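Here is how the chains run, residue by residue.
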Amino acid sequence: MRALALVVLLVVAGCGADSSGAEVGGAVDGRVTVFAAASLTETFTRLGEDFEAAHPGVEVVFNFGGSSALAQQINQGAPADVFASAAPANMTQVGDAGGISGAAVTFARNRLEIAVPKGNPAGITGLADFGDADAKIALCAEQVPCGAAAKRAFEAAGVTARPDTLEQDVKAVLTKVRLGEVDAALVYRTDVRSTGEVEGIEFPEADRTVNDYPIAPLAKARNAAGARAFIDHVRSDRGRAVLAEAGFDTP
Amino acid sequence: MTSARRRTRGRLPVVLVLPAVVGLAFLLVPLVGLLVRAPWDTLPEQLFSSSVGEALRLSLVCASLATVVCLVLGVPLAWLLARGDVPGRGVLRALVTVPLVLPPVVGGVALLFVLGRRGLVGQYLDAWFGISLPFTTAGVVLAEAFVAMPFLVISVEGALRAADPRYEEAAATLGASRWLAFRRVTLPSILPGVVAGTVLCWARALGEFGATITFAGNFPGETTTMPLAVYLALETDPDAAIVLSVVLLLVSVGVLAALRDRWISGPS
């Protein structure tokens, strides 16, 4: 592992010597390890490819997963340079343990949308339909962020939801809609955009479901310069465009 | 003669003992970790909270029902694989083990494709009988049975193949039908294998997570079994998750130990 890193460094150093001054971020090299929320899989994969293209010799390695699992991995000493969380609470968990360097910044916001199977067979129009006992409804469990956001939406709408299942993550909810097993569900807007197999319905109470995505360089980063450069890339105009296309709001 | 026997019984070879001890430690140390980290002071309180009791009851009921389903379908299937003159038996035997290698989540999706509301069979169940299996306790039983049945079939089939078929043949020459011979001769002779398979099957069903949450979803009192409750508790309250795991552990070890003493009386 260390030998490999050394080889990478030597190769990168060699490249730098050949094309000195030609690179945009001359100080950035080696491997950048990014721990990112599962909902960022598509966007960050694209941004990582862009970043590698802009910084020859740099390799971006991702570990996508649930934000709380990633936070626990980082606190247990997993080697990471950057953490991008789907919820401020998980960033706080890492921050409280002294794991982040500097301050976390919000780089994206997501909001809930109603997802229905193609053609909307049950004729769902809004949150009120989630109280209908005949409709099959899937929601996230309250323990995970999308479930907590759904709860806020129903409180704002004054609707008592009657779900048939409380799933362990938002992708599991989306699967139930794609397969037509449920008539309606609440998922993130980015999840609706990620597939052509479901239809999205916006609802006014969605303003109460906005959640912030913070990003921060980590205190134990092996590649601090790479971490900062990657975060700058995510927050650049190009990064914001990719995020917006996927359905995120960008501050 | 006696000294030779003593020698083979006496010293245990280090090449076997050393890896055996490492293997034992490998299996038991994570368990110890769980027990050490368990918040014992809040354990009774958690144990008697309604949600834990509900999940535990549901887990025990569903695993037991799934085991019954596996016994009713799996023992005849094992018999067919071991004794029946079916063409392509080797392929069938391999296919039966598919749920063992399939990630359980994929098994759950496959069940949805077949028994879901829009599934190959499920759409007719829904249209003709108004039966919808996903998100129901029956769905939990099905998902667990799907994942656990290979354990039973493999154990019983192994026992059948090890059993001497001449007893059945003798019964047949005495005028017993194959069904009577199976009931009165074969089944009693392979009982230890059936019990071992049943225990494995029940244990696997009890711990089932992936296929259950995918096919049956998660709703307290309906489909939230202990493993699902553990997974969700881990999101917000790791202590509660550990308590739930320890409870599941104690109950399953207790049941398995009781069954072993009662049924599997091997040389000790």
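As the structure is a prediction and not an experimental result, all values here were calculated from the model. Along each chain, residues carry numbers from 1 onward, in the same order as the chain's sequence is written. Each chain gets a letter, beginning with A, and each ligand a number, beginning with 1, in the order they are written. Given that this is a predicted model, residues contribute local features only at a pLDDT of at least 70 and side-chain atom pairs are listed and counted only at 80 or more, while totals for whole chains, interfaces and linings are drawn from all residues. Water and hydrogen atoms play no part in the side-chain values, which are based on all heavy atoms of the structure.

(A) A look at the state of the cysteines. Disulfide assignment relies on a single distance test, namely cysteine sulfur atoms paired within 2.5 Å. Under the criterion given, the structure shown has 1 disulfide over all chains. Note on cysteine connectivity: A:Cys140 is disulfide-linked to A:Cys146, with sulfurs 1.9 Å apart. Taking the torsion about the S-S bond as the criterion, the A:Cys140 to A:Cys146 disulfide, at about -95 degrees, is left-handed. Assessed through its relative accessible area of 4%, A:Cys146 is described here as buried. Unpaired in terms of disulfides, B:Cys70 finds its nearest cysteine sulfur in B:Cys201, a separation of 3.5 Å. B:Cys70 gets classed as buried once you look at its relative accessible area, which sits at 0%. Relative accessibility decides the category of a residue: with a 1.4 Å probe and only protein chains considered, values under 20% of the type maximum give buried, values over 50% give exposed, and everything between is partly exposed.

(B) Quick peek at the domain arrangement of chain A. Boundary definitions for the domains trace back to an automatic or database domain assignment. What the domain assignment reports for chain A is domain 1 (2-12 + 30-108 + 212-245) and domain 2 (112-209). For domain 1 of chain A versus domain 2 of chain A, the separation of C-alpha centres amounts to 30 Å.

(C) Broad picture of the sheet that holds strand β10 (residues 211-217) of chain A. Residues and elements named next belong to chain A. Whether two strands pair comes down to DSSP finding at least two bridges between them. Helix numbers and strand numbers start at the N terminus; a helix is a DSSP run of H or I with at least 4 residues, a strand a run of E with at least 2. Spatially, 5 strands are ordered β2-β1-β3-β10-β4 in an open sheet, and the strand pairing comes out mixed. Two strands bound the open sheet, and with one partner strand each, they are β2 (59-65) and β4 (105-110). Neighbour-to-neighbour, the strand axes of this sheet turn through a mean angle of 20 degrees, independent of strand direction. Where strand β1 (residues 31-37) meets β2, 7 bridges bridge the pair, whose relative direction is parallel. Along β2, the bridge assignment pairs Val 34 with Phe 62. Every axis corresponds to a line fitted to the C-alpha atoms, with the helix fit spanning only the stretch in contact, and the corresponding angles, defined between N-to-C directions, vary from 0 to 180 degrees.

(D) View of the side chain of A:Ser39. Residues and elements named next belong to chain A. Within the fold, Ser 39 resides in the loop between β1 and α2 (41-54). Looking at Ser 39, its side chain comes within polar contact range of the side chain of Tyr 213, at 2.8 Å. The contact criterion used throughout is that any non-hydrogen atoms of two residues lie within 4.5 Å. Apart from the residues within four sequence positions on either side, Ser 39 is in contact with Ala 86, Tyr 213 and Phe 248. Under the rule applied, a polar contact is a pair of N or O atoms within 3.5 Å (in protein, one hydrogen donor and one hydrogen acceptor; residues adjacent in sequence only if both atoms are side-chain atoms).

(E) Fine view of the interface of chain B and chain A. Every contact between the two is made by 20 residues of chain B and, on the other side, 20 residues of chain A. Once two parts are joined, some of their accessible surface, as seen by a 1.4 Å probe, is lost; buried area is that loss totalled over both. A per-residue breakdown of the area chain B buries against chain A is headed by B:Arg117, B:Arg118 and B:Phe135, which together make up 36% of the total. Summed over the shared surface of chain B and chain A, the result is 6 residue pairs in polar contact (both at pLDDT 80 or more). Sorting the residues of the side of chain B that touches chain A by element identifies α7 (104-115), α13 (210-215) and α14 (226-236) of chain B as the ones contributing at least two each. For the side of chain B that touches chain A, the element with the most residues is α14(B), which contributes 5 residues. Ten residue types, Ala, Val, Leu, Ile, Met, Phe, Trp, Tyr, Cys and Pro, are classed as nonpolar, four, Asp, Glu, Lys and Arg, as charged, and the remainder, Gly among them, as polar. Partitioning the side of chain B that touches chain A into residue classes produces 11 nonpolar, 6 polar and 3 charged.

(F) Local environment of the pattern of salt bridges. All names here are of chain A. By salt bridge we mean one thing: a side-chain nitrogen of Lys or Arg within 4 Å of a carboxyl oxygen of Asp or Glu. Under the criterion given, the structure shown has 17 salt bridges over all chains. Across the salt bridge formed by Arg 109 and Asp 212, the nearest N and O atoms sit 2.7 Å from each other. Note that Arg 109 is positioned in strand β4 and Asp 212 in strand β10, a separation of 103 residues in sequence. Among the residues examined, Arg 109 registers a relative accessible area of 30% and is labelled partly exposed. Of the charged contacts in the structure, one is a salt bridge between Arg 111 and Asp 249, with a shortest N-O distance of 3.4 Å. Of the two residues, Arg 111 is situated in the loop between β4 and β5 (112-117) and Asp 249 in the segment after α9 (237-245); the sequence distance between them amounts to 138 residues. Taken together, the shared-partner salt bridges in this structure form one network comprising Arg 111, Arg 189, Asp 207 and Asp 249.

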